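The lines below spell out each chain.
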Amino acid sequence: MLSSAARLRRPDHVRPLRTLVGHTDTVRCVAFFPDNRRIASSSWDNTVRIWDLETGLQTREPFTGHTDVVRSVAVSPDGERIATAAEDRTLRVWSVSSGELVHEPVEGHASGLWCVTFSPNGRRIATTGDNTIRIWDADTGDLVAGPFRSHNGNLYALTYSPDGLEIASVANDKTVRICDSDIGQMLLDPMEGHENDVRCVVYTPDGRQLVTASDDGTIRVWDVVTGEQVGESMRSHANIITSIAISPDGTFLATAGPHIVMQVWNLDTRQVAGPPLRHANDVSCVAFSFDGRYLVGGCCDFRIWVWDADVVRRPSPNAPPPLPRAAPSPLPTTGSRPEGNPVPLVVSPALVPLPPSPNSLLGSILELPRSHHLPSPRIGGAKQAREVQTEPCPAVKGRTDSATVKGMWKRRKRHKRIYPGEGPDTSIPGVRGRLRSRFQRLVKARPYTSLEEVI
């Protein structure tokens, strides 16, 4: 579960309801039961587990028997069976009540299986592997149709249409295809538009559109009658999308990929709905419950994260309002103070006082606090630093003297105009030295003898 520090950083509407712990490796696939209370999960630990969402516990011992990664799991429409497809090239159908195989493991694919799904009536099972689609009898495990070679590359995923007459599939040939579920005949030309491997496909609940996601980071919606793309594509937060799930009402779409964030999209507005759902590690799979109440994500931290979909899809009523932007404060005026305010004005270090004017001899100097230090001028380089000189006041005549000084890189002669009452060794470098020099010139008739006495 989340740490106390993590809970403080997250508002209430983005906390998971719970996390399910039991797998010993990455959770590869999740699927809901029709009762909306249980889910089935498959993992890289070669097991399949059934969970109770209310208690967060497993309902029985894990299903074991596969000898390699179980990439996909599907639940039958009546909830009595689950089908699993694994990298060991076998399809297995299990009885949920007894935990035993309904029939012997089904073999036929020449390579590891990628995806498995039940037909809407639960009588058939479709699988992908070795670049083909095969249809099996759910009761006996016999091959009913296929193999269908609809793509020119590796098939990643497939799904039945809501009426069970069509099968949509996607592959690494960057296309989306729809074929007849009985004979495998292509019903449309390949739907093209993605720029990389297409990994996910799902029908909308009304069966009129397809939603696909690709390694190019985009989500696209297609018309199943014309084969044309509907609207603009949606750009995901992740560069690769490995799993998508659509809500029962067809309004929202959840996406996951090799990223810690799972996002929910509004398919009507094509905008992100609600805040991103952050996990502890990359999210590998997602699923909506049939009643739209729950949203779960399988994670690479070996856990299953359960979210309240109703809260995620709408703004939280308890969310704090945004803080108002503060109006910029006016800069203080030198020499002025608001009436009734006993606190003295603080001169900003960025405000450098102007040189004294004839009308106000010491105004800009006396108003500086004693502890205030003037910032040094910004020097662009060594050459510029050596060339910084104090220009004499044109109203006072003086003589020109020279002194040998040590520059930044070598010794050189610097010429400086010397005024009555000061010699070559009395000059002080920097801003304070220039102020002292000007002060001596301007107040030589006054009794003050140093800048410190004035301040």
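Residues numbered from 1 in each chain as written. Predicted model: local features only at pLDDT ≥ 70, side-chain atom pairs only at ≥ 80, totals over all residues. Heavy atoms only, no water.

**Here we look at the overall build of the chain**
Across its full length, the chain holds six helices and 31 strands. When the 455 residues of the chain are sorted by exposure, 45% land in the buried category. Considering only contacts within the chain whose residues lie at least 6 apart along the sequence, 42% involve residues at least 24 apart. As displayed, the chain has an accessible area near 24,300 Å², and 50% of this comes from carbon and sulfur atoms. (Helix = DSSP H or I, 4+ residues; strand = E, 2+ residues; numbered from the N terminus. Buried < 20%, exposed > 50% of the residue type's maximum accessible area, 1.4 Å probe, protein only. Contact = heavy atoms within 4.5 Å. Areas by Shrake-Rupley, 256 points an atom, 1.4 Å probe, with all protein chains shown as cover.)

**Section: the sheet that holds strand β20 (residues 218-223)**
Hydrogen bonds along the backbone pair up the strands of a sheet, which may run parallel or antiparallel. Across the sheet, which stays open at both edges, the four strands sit in the order β18-β19-β20-β21 with antiparallel pairing between neighbours. If you trace the sheet from one side to the other, it starts and ends with β18 (198-203) and β21 (234-235), each paired once. Of the strand pairs in this sheet, β20 and β21 are connected by two bridges, and their pairing is antiparallel. Within β21, the residue paired with Thr218 across the bridge is Arg235. (Pairing = 2+ DSSP bridges.)

**A few points about the sheet that holds strand β12 (residues 132-137)**
Pairing is antiparallel in the open sheet, where four strands are placed in the order β10-β11-β12-β13. In this open sheet, the two edge strands, each paired with only one partner strand, are β10 (113-118) and β13 (143-148). Pairs of neighbouring strands in the sheet enclose a mean axial angle of 15 degrees, with direction left out of account. The pairing of β10 with strand β11 (residues 124-129) spans five bridges and is classified as antiparallel. Within the sheet, the bridge partner assigned to Thr117 lies in β11 and is Ala126. (Axes fitted to C-alpha atoms, helices over the stretch in contact; angles between N-to-C directions.)

**A closer look at the pairing of β18**
With respect to burial, β18 is a largely interior element, five of its six residues being buried. In terms of strand pairing, β18 meets strand β19 (residues 209-214) through five bridges, oriented antiparallel. Bridge pairing in β19 links Val201 to Thr212. Taking the residues between adjacent antiparallel strands as the criterion, β18 and β19 are bridged by five residues, where Gly207 takes a positive phi near 75 degrees.

**Considering the confidence of the model for the chain**
Here the chain averages 76 in pLDDT, while 65% of its residues score no lower than 70. Note on residues 402-414: pLDDT is under 50 here. Beyond four places in sequence and across chains, it has 22 contacts. Ignoring residues within four places in sequence, the model shows residues 448-455, a span with pLDDT below 50, making 15 contacts including any to other chains. (pLDDT = per-residue confidence, 0-100.)

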